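What the coordinates show
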Amino acid sequence: MANLDVEDFIQQNRAVADEVETYRGYWESDKHWQPRREFILRNINDFEEPHVDQLLALSMVWANNVFMGCRYSTELLEKVKEMAEGVVVEDAPVFKTRDEIMKKQQGQ
């Protein structure tokens, strides 16, 4: 679902889009919320009540990985990356592990 497709979905499913807006955390900036919102909208049809909480948890896993560099199991990251396919994040931070930093310092 391209960005235009997401906007079309919102226009055609105003009630769903309004419900998704209630899932935004008060701490989420627009930069974090817009991609997570798109993640939710792209996958909401696969998670009917009472499983929407699972979708919200997966969206937070994805957002935490992208924006804060949190690490999770390989299986979980593969799942959320597949679910996020097509979601564009502008100016996403790049994270390095301690081992990557140490290796670079030792090479100097």
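Preceding this paragraph is the structure being described.
Residues numbered from 1 in each chain as written. Predicted model: local features only at pLDDT ≥ 70, side-chain atom pairs only at ≥ 80, totals over all residues. Heavy atoms only, no water.

**Considerations on the overall build of the protein**
To keep it simple, the criterion reads: In DSSP terms, a helix is any run of H or I states spanning at least four residues, a strand is any run of E spanning at least two, and both are numbered starting from the N terminus. Working definition: with a 1.4 Å probe on protein chains only, accessible area under 20% of the residue-type maximum means buried, over 50% means exposed, and in between means partly exposed. Computed with the Shrake-Rupley method and a 1.4 Å probe, the accessible areas treat only the protein chains shown as cover for residues. His is not counted, nor are the chain ends; Lys and Arg add positive charge and Asp and Glu add negative charge. To locate a charge, take NZ of a lysine, CZ of an arginine, CG of an aspartate or CD of a glutamate.
Assigned secondary structure in the protein consists of six helices and zero strands. Tracing the protein from N to C terminus, the helices and strands come up as α-α-α-α-α-α. Taken across its 108 residues, the protein has 34% of its residues classed as buried. Counting every atom, the protein has about 7500 Å² of accessible surface; 49% of that belongs to carbon and sulfur. Averaging the coordinates of the 13 positive side-chain charges in the protein and doing the same for the 21 negative ones gives two points 11 Å apart.

**So, unusual backbone geometry**
Cis peptide bonds are those with omega within 30 degrees of zero, and the linkage from Glu49 to Pro50 qualifies with 5°. Mapped onto the elements, Pro50 comes out in the loop between helix 3 (30-43) and helix 4 (52-68).

**Some remarks on helix 5 (residues 74-83)**
Cut-off, in case you're wondering: For this quantity, the arc is that covered by the directions from the helix axis to the C-beta atoms. By definition in these notes, contact holds between two residues if any of their heavy atoms fall within 4.5 Å.
Leu77, Val80 and Met83 are the residues of helix 5 that are buried. One side of helix 5 carries all its buried residues, which in axial view fall inside an arc of 125°. Turned more than 90 degrees away from the buried face of helix 5 sit Thr74, Glu75, Glu78 and Glu82, all of them exposed. If you follow the buried residues of helix 5, they end up packed against helix 3 and helix 4.

**Side note on the packing of helix 3 against helix 4**
Counted only if it meets this: Here an angle of 0 to 180 degrees is reported between the N-to-C directions of two axes, which are lines fitted to C-alpha atoms, with helices fitted over the stretch in contact. Here the angle decides the label: under 35 degrees means roughly parallel, over 145 means roughly antiparallel, 65 to 115 means roughly perpendicular, and every other value means oblique. Note on convention: the crossing is left-handed when the near helix lies turned anticlockwise from the far helix by less than a right angle, right-handed when the turn is clockwise. Note on residue classes: Ala, Val, Leu, Ile, Met, Phe, Trp, Tyr, Cys and Pro are nonpolar, Asp, Glu, Lys and Arg are charged, and everything else, Gly too, is polar.
Contact geometry of helix 3 with helix 4 gives a least axis separation of 10 Å together with a crossing angle of 140°. With respect to their mutual orientation, helix 3 and helix 4 come out oblique. Considering how the two elements wind past one another, helix 3 and helix 4 form a crossing that is right-handed. In contact with Lys31, His32, Pro35, Arg36, Phe39, Ile40 and Asn43 of helix 3, helix 4 contributes Leu55, Leu56, Leu58, Ser59, Met60, Trp62, Ala63 and Phe67. Looking at side-chain class alone, the contact of helix 3 with helix 4 contains 10 nonpolar, three polar and two charged residues.

**Some points on the layout of surface pockets**
To be explicit about the condition: Only protein atoms enter the 1 Å grid used here. Points where a 1.4 Å probe fits but cannot escape make up a cavity, open sets with protein on both sides within 12 Å along at least five of seven lines make up a pocket, and a residue lines them when an atom lies within 4 Å of a point. Grid points are joined across faces, edges and corners, and a volume is the space filled by probe spheres set on the points.
Roughly 230 Å³ of volume is contained in the second largest pocket. Mapped onto the lining of the second largest pocket, the elements with two or more residues apiece are helix 4 and helix 5. Its residues assigned to classes, the lining of the second largest pocket shows six nonpolar, three polar and four charged.

**Some points on a negative patch on the surface**
Put simply, the rule is: Surface patches are defined over residues having more than 30% relative accessible area and no salt bridge, joining like charges when they lie within 9 Å and nonpolar side chains (Val, Leu, Ile, Met, Phe, Trp, Tyr) when within 5 Å. Salt bridges are identified by distance alone: a Lys or Arg side-chain nitrogen within 4 Å of an Asp or Glu carboxyl oxygen.
The grouping of Glu75, Glu78, Glu82 and Glu85 at the surface amounts to a negative patch. Among the structural elements, Glu75 can be located in helix 5.

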